[in-house]
Amino acid sequence: MKINVKGKKALIRVDFNVPLDKQYNITDDTRIREALPTIQHILQAGGAVILMSHLGRPLEKRNADGTINREKFTLQHLVKHLRKKLKTKVHFADDCVGKSAVKKAAALKAGEVLLLENTRFYEEEEKGDAEFAKKLAALADVYVNDAFGTAHRAHASTTIVAHYFDKNHKCFGFLMEREIENANRVMRNPEHPVTCVVGGAKVSDKIVLLERFLDFANNIIVGGAMAYTFMLAKKGAVGNSLIEPDRVKAAKEFLKKAKAAGVKVLLPKDSVCGDKFAADAAVQVHPSHQIPDGWMGLDIGPSAVKTYARTIRQSKTIIWNGPMGVFEMPAFAEGTKAIAKAVARATKNGAFSMVGGGDSVAAVNQMKLAKKVSFVSTGGGAMLEYLEGKELPGIKAINA
Ligand code: AMP
């Protein structure tokens, strides 16, 4: 972190959008734990920390009478846990702007933490309202953005607030720095061969990503339901598999572009098919371009697994986004599992691997392989957009 925080108040945008149970206990504190290094660094350097975050979607999930469900969406639920983790005074302001926030921020001492109330209690937050952002900015001397997962949104607390600090008074936190560094490493300076593994449900969600990968990949591996739209593009029969008929043309064009760019696109030779979309479906393996009617491709087949795993093992850089099949159902999880293992093995042999985007992260966690890949991005949609080559407003606002 480049800025001096000694004796200063640092306003940190964190992502504390943690899952809570019915009694408002935190069921997974990953997001809090990941923000701790930045918070602790500032406290140890003699600064005071003001934390702001959203929690859930309070404006959309209102009480029956239209009021905000403060009881459910208050960040107060996190205070006890934060005190335990940080072992310092953690104050709470029941508003993120206004009198109580101003008063508590002013009284905050070095080494102490103030948690502000949910920024999404205000519609100004998601609208990126300048006046609201200015009020947030007025609470502190410096601004630190450590919420990569919301960096693709031009919200008041993630982007607009940064406009009220000059270059020497704003920076990224460690978590965000790491996300940017790793994404840049795979995109700008990758060691070859580079293999991009793309899966998931829809071509439409991933086509921009696929085209972007043509810029630097040697191999692009396609899995998930997406593969069947590609099969259609190659005039295959895909039975009842999930497809996007309006994307067949895009898939065809992509294959053409890949050929022209000299990038190898691997489609699954075979598929594990079910007779229905259900965990207890009857299962058969069919060539992916000859799936009979009444059957749907729900995972890559054993022959595809072999080819994909071999390509991955021979790679020096691997980017993986999206599962190979319906990994939530054990009968259709083997393909995703095998790919996760191949990525872990390549990593052990010296490759750099990055897993990003919600569902493949869930798959890697489910298989307890998160520590065996080089980097697991927590960014979800933000990482997808960053890899697609978009300039994220939250990043631009810090660099401006
Ligand atoms: P995405 O969010 O686009 O990465 O898609 C992930 C979802 O795609 C997961 O919930 C998977 O169950 C689903 N999925 C993957 N492969 C298939 C398939 N062959 N048919 C239907 N759904 C699939």
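Residues numbered from 1 in each chain as written. Predicted model: local features only at pLDDT ≥ 70, side-chain atom pairs only at ≥ 80, totals over all residues. Heavy atoms only, no water.

1. Points about the side chain of Thr119
Here is step 1: Relative to the helices and strands, Thr119 is located in the loop between strand E4 (113–116) and helix H5 (123–127).
Here is step 2: Ignoring any residue separated from it by four or fewer positions in sequence, one finds Thr119 in contact with Arg13, Met52, Ser53, His54, Cys96, Glu125, Phe132 and Ser157. (Helix = DSSP H or I, 4+ residues; strand = E, 2+ residues; numbered from the N terminus. Contact = heavy atoms within 4.5 Å.)

2. What to know about the site of the ligand
Here is step 1: In the neighbourhood of the ligand, 16 residues make up the surrounding shell, with Ala201, Lys206, Gly297, Glu328 and Asp359 lying closest.
Here is step 2: Taking Glu328, its side chain carries an N or O atom lying 2.6 Å from an oxygen atom of the ligand.
Here is step 3: Here the ligand, which alone exposes 500 Å², has 82% of that area covered by the protein.
Here is step 4: In terms of residue class, the shell around the ligand is built from 8 nonpolar, 5 polar and 3 charged. (Near = heavy atom within 4 Å. Polar contact = N/O pair within 3.5 Å; in protein donor to acceptor, adjacent residues only side chain to side chain. Areas by Shrake-Rupley, 256 points an atom, 1.4 Å probe, with all protein chains shown as cover. Nonpolar A, V, L, I, M, F, W, Y, C, P; charged D, E, K, R; others polar.)

3. Topic: the sheet that holds strand E7 (residues 194–198)
Here is step 1: Pairing within the open sheet is parallel, and its 6 strands lie in the order E10-E8-E7-E15-E16-E17. The open sheet terminates on both sides in strands that have one partner only, identified here as strand E10 (264–266) and strand E17 (375–376).
Here is step 2: Pairing of strand E8 (residues 219–222) with E10, which is carried by 3 bridges, proceeds in the parallel orientation. The partner of Ile221 across the bridge, within E10, is Leu266.
Here is step 3: Each of strand E15 (317–321), strand E16 (352–355) and E17 touches helix H7 (residues 174–188); the most contacted strand, E16, lies at about 120° to it.
Here is step 4: Against the sheet, helix H8 (residues 203–213) touches E7, E8 and E15, its axis set at about 170° to E7. (Pairing = 2+ DSSP bridges. Axes fitted to C-alpha atoms, helices over the stretch in contact; angles between N-to-C directions.)

4. Brief notes about the packing of aromatic side chains
Here is step 1: Counted under the stated rule, the structure contains 5 aromatic pairs.
Here is step 2: With a centroid separation of 5.1 Å and 35° between ring planes, the pair formed by Tyr122 and Phe132 is classed as tilted. With Tyr122 in the loop between E4 and H5 and Phe132 in helix H6 (residues 130–137), this residue pair connects regions lying 10 residues apart in the sequence.
Here is step 3: For Phe132, a relative accessible area of 3% puts it in the buried group.
Here is step 4: Where Phe230 meets Phe254, the ring centres are 5.9 Å apart and the plane angle is 75°; that geometry is what we call edge-to-face. In this pair, Phe230 sits in helix H9 (residues 226–233) while Phe254 sits in helix H10 (residues 248–261), placing the two residues 24 residues apart along the sequence.
Here is step 5: Residue Phe230 is classed as buried on the basis of its relative accessible area, which comes to 0%.
Here is step 6: Positioned above the aromatic ring of Phe352, the side-chain terminus of Arg185 is 3.8 Å from the ring centre. (Phe/Tyr/Trp six-rings, centres within 6.5 Å; stacked < 30°, edge-to-face > 60°. Buried < 20%, exposed > 50% of the residue type's maximum accessible area, 1.4 Å probe, protein only. Lys NZ or Arg CZ within 6 Å of the ring centre and 35° of its normal.)

5. A few points about the sheet that holds strand E11 (residues 270–274)
Here is step 1: Read across the sheet, 3 strands follow the order E12-E11-E14 without closing on themselves; strand pairing throughout is antiparallel. Looking at the sheet topology across the chains shown, the edges are occupied by strand E12 (283–287) and strand E14 (296–300). Strand-to-strand twist across the sheet, computed as the mean angle between neighbouring axes with direction ignored, equals 45°.
Here is step 2: Bridging between E11 and E12 involves 5 bridges; their strand directions are antiparallel. Residue pairing for E12: Asp270 is matched across the bridge by Pro287.

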